[in-house]
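# Coordinate analysis (summary)
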Amino acid sequence: MEADKTKIISAVNLQSQADAELEQKLRELKFRQELRKDWILFIVRDVVIFSGAIAFVFAICGYSLFILINR
C-alpha cells in the first residue's frame, strides 16, 4: 500500500516537472517570437520609413532647386 502511494506521488512529481519544463520552453519560445517581432517592427519603422522620408525630402528639395535654376 505504501509503495503504491510513493509511485503515485513520484508519477505526479515527474508529470509536474515535465509540465514545468514545457512551460519554460514555451516561455522561451514566446520571448524569442516577441523579440523577433520587435526587430522586424524596428527595421520596418525606423529603417525603411525613415529612409523613405529622407529620400522624399531630398526629392522635393531637388525638384524645387531644379525649378528655381530653370527660371
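In this report, the structure presented in the accompanying data block is examined. What you see is a predicted model; the values in this text were computed from it and never measured.

On to the overall build of the protein, then. When helices and strands are tallied, the protein shows 1 helix and 0 strands. The buried share among the 71 residues of the protein stands at 0%. Per element, the accessible surface of the protein, about 6900 Å² overall, is 69% carbon and sulfur.

Let us look at the packing of aromatic side chains. Tallying each qualifying case throughout the model produces 1 aromatic pair. Ring plane angle 90° and centroid distance 5.6 Å describe the contact between Trp39 and Phe42, whose orientation is recorded as edge-to-face. Here the residue Trp39 and the residue Phe42 both occupy positions in helix α1 (residues 2–70), the gap between them amounting to 3 residues, near one helical turn.

Here the focus is the pattern of salt bridges. According to the stated counting rule, one finds 2 salt bridges in the structure shown. A salt bridge links Glu34 to Lys37, with the nearest nitrogen and oxygen atoms 3.7 Å apart. Pair noted here: Glu34 and Lys37 are both in helix α1, with a separation of 3 residues, about one helical turn. Residue Lys37 is classed as partly exposed on the basis of its relative accessible area of 43%. Of the charged contacts in the structure, one is a salt bridge between Arg45 and Asp46, with a shortest N-O distance of 3.8 Å.

Together, Phe31, Leu35, Trp39, Ile40, Phe42, Ile43, Val44, Val47, Val48 and Ile49 give the surface a local cluster of nonpolar side chains, amounting to about 970 Å² of exposed area. Here Ile40 lies in helix α1.

What counts and what doesn't
Residues numbered from 1 in each chain as written. Predicted model: local features only at pLDDT ≥ 70, side-chain atom pairs only at ≥ 80, totals over all residues. Heavy atoms only, no water. Helix = DSSP H or I, 4+ residues; strand = E, 2+ residues; numbered from the N terminus. Buried < 20%, exposed > 50% of the residue type's maximum accessible area, 1.4 Å probe, protein only. Areas by Shrake-Rupley, 256 points an atom, 1.4 Å probe, with all protein chains shown as cover. Phe/Tyr/Trp six-rings, centres within 6.5 Å; stacked < 30°, edge-to-face > 60°. Salt bridge = Lys/Arg side-chain N within 4 Å of Asp/Glu carboxyl O. Patch = residues over 30% accessible without salt bridge, like charges linked within 9 Å, V, L, I, M, F, W, Y side chains within 5 Å.

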